[in-house]
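# Descriptive analysis of the structure
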Amino acid sequence: MRSDTVTKPSEAMRKAMANAEVGDDVFGEDPTMNRLQETVAELLGKESALFVPSGVMSNQLALKTHTTPGDEVIVERDSHIFNYETGAPSLLSGVQINPVPGVRGLMTAKDVEDAIRPDVYYMMPTRLVCVENTHNRGGGSIYPMKLIEEIRDVAVKHGLKYHLDGARLWNASVATGIKVSEYAKHFDSVSVCLSKGLGAPVGSVLTGTREYIGRAKRFRKIFGGGMRQAGILAAAGLYALENNFRRLAEDHEKAKNFARILSESSMFEVNVGHVETNIIIFGIKHRIGIEKFIAEAKSAGVLLSAGSAGKLRAVTHLDVSMENVRKAAETLTKMSAS
Ligand SMILES: *Cc1c(COP(=O)(O)O)cnc(C)c1O
């Protein structure tokens with residue numbers, strides 16, 4: 001339960017990959033890749049889509065295509081772009097990040113507006129605002145539509161571009177019943193991952209206008225992301241969208257159950273109400289450091305990871321059953337009691 005990226009392709013997905021019709025995607029001749037990109041663009045209600053090897057490349061292409069060196073980009077302080085992309089915005093785009101603190105990953109529209117630089121020659125121009133939905137370090141939290149709209153209004157008012165890191169947008173959509181296109185329509189660009197909860201082995205997709213994606217495609221080549229018979233990977237993505245999207249509801253149910261069992265033990269600090277999707281962030285009360293706890297949990301057969309600020313993190317996914325998750329929670333409860 002360390003992450004929803006640890007899933008392995010099922011037999012049926014591998015079969016779809018093995019049978020994929022392929023061509024050279026650098027020439028735009030891979031039919032399966034073209035079908036995946038059209039499918040994702042249509043799902044998100046965008047003109048165009050581009051497959052890339054990772055979520056990091058997708059976000060960084062988005063930044064590169066929206067900005068010029070010397071610009072500033074507003075993100076939430078716990079965001080993936082700020083914390084887990086190895087400083088790429090400075091290296092690849094020559095931009096400065098302006099991190100705005102949020103609560104469980106959610107920024108207010110006012111805080112975003114206050115972070116925008118005035119138009120004076122000795123400050124860098126603010127060019128872009130990024131939102132992460134669901135929010136990874138925020139514990140799988142969902143941005144309410146009203147907040148997405150309020151931040152969009154600020155972006156429009158100040159002439160900024162608006163990017164969505166939707167690595168887990170699928171989870172937000174299944175949890176709220178709001179279509180991914182309803183979320184996507186507020187943004188200039190949207191990145192989605194196929195390799196998280198959807199269970200594909202590799203791949204993310206960046207979407208936007210035809211003109212924008214055309215420019216992003218050039219940068220993808222520069223970043224070394226132009227691939228050849230990539231239809232094998234696209235086939236996994238198409239299989240994942242068809243078979244593993246709606247079932248994310250089960251992962252959310254598993255996560256709530258996990259949190260509920262932990263909450264019955266006085267050893268854990270967990271807010272069941274905060275578990276909105278497939279991520280559980282929790283604390284331990286009377287215990288040694290979390291690294292030691294993670295090691296002990298591992299010996300007992302439960303794999304966890306460290307969350308931010310001394311917290312533990314568990315994630316549910318395709319390859320852990322409801323029974324596995326219940327057993328894992330009970331194991332932790334017994335561990336902490338001993
Ligand atoms: C995982 C993740 C990414 C990056 O995806 P990789 O495929 O690991 O590069 C980007 N944003 C968020 C919110 C993520 O959780």
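Everything numeric in this text was worked out from a predicted model, so none of it was measured.

## Points about the side chain of H135
- Here H135 lies in the loop between β4 (126–132) and α7 (145–157).
- On the basis of relative accessible area, H135 is assigned to the buried category, the value being 0%.
- Sequence-distant contacts of H135, defined by excluding residues within four places in its chain, comprise E76, D78, S79, R104, G105, G140 and S141.

## A closer look at the domain arrangement of the chain
- Domain parsing of the chain yields domain 1 (4–243) and domain 2 (248–337).
- Distance between the C-alpha centres of domain 1 and domain 2: 28 Å.
- Counting the surface lost from both domain 1 and domain 2, the interface buries some 1600 Å², and carbon and sulfur atoms represent 56% of this.
- The tally of links from domain 1 across to domain 2 stands at one salt bridge.
- Two residues, R104 and E276, come together in a salt bridge whose shortest N-O distance is 3.0 Å.
- Counting every contact that joins domain 1 to domain 2 gives eight residue pairs in polar contact (both at pLDDT 80 or more).
- For the side of domain 1 that touches domain 2, a count of residues per class yields six nonpolar, nine polar and five charged.

## Things to note about the side chain of T32
- As for its position among the elements, T32 is in helix α2 (residues 31–44).
- Judged by relative accessible area, which is 5%, T32 ranks as buried.
- Residue contacts for T32: discarding those within four places in its chain leaves A20, E21, G231, A234, A235 and L238.

## Remarks on the nonpolar core
- Ranked by size, the top nonpolar core spans 52 residues in total, and within it L36, I151 and L169 carry the most contacts.
- When neighbours within four sequence positions are excluded, L169 is seen to be in contact with L44, N133, T134, L164, V180, Y183, V190 and V192.
- Of all hydrophobic cores here, the second largest spans 26 residues; its members include M1, L262, I280 and F293.

The rules behind each value
Residues numbered from 1 in each chain as written. Predicted model: local features only at pLDDT ≥ 70, side-chain atom pairs only at ≥ 80, totals over all residues. Heavy atoms only, no water. Helix = DSSP H or I, 4+ residues; strand = E, 2+ residues; numbered from the N terminus. Buried < 20%, exposed > 50% of the residue type's maximum accessible area, 1.4 Å probe, protein only. Contact = heavy atoms within 4.5 Å. Domains from an automatic or database assignment. Buried area = accessible area lost by both parts, 1.4 Å probe. Salt bridge = Lys/Arg side-chain N within 4 Å of Asp/Glu carboxyl O. Polar contact = N/O pair within 3.5 Å; in protein donor to acceptor, adjacent residues only side chain to side chain. Nonpolar A, V, L, I, M, F, W, Y, C, P; charged D, E, K, R; others polar. Core = buried A, V, L, I, M, F, W, Y, C linked by side-chain atoms within 4.5 Å.

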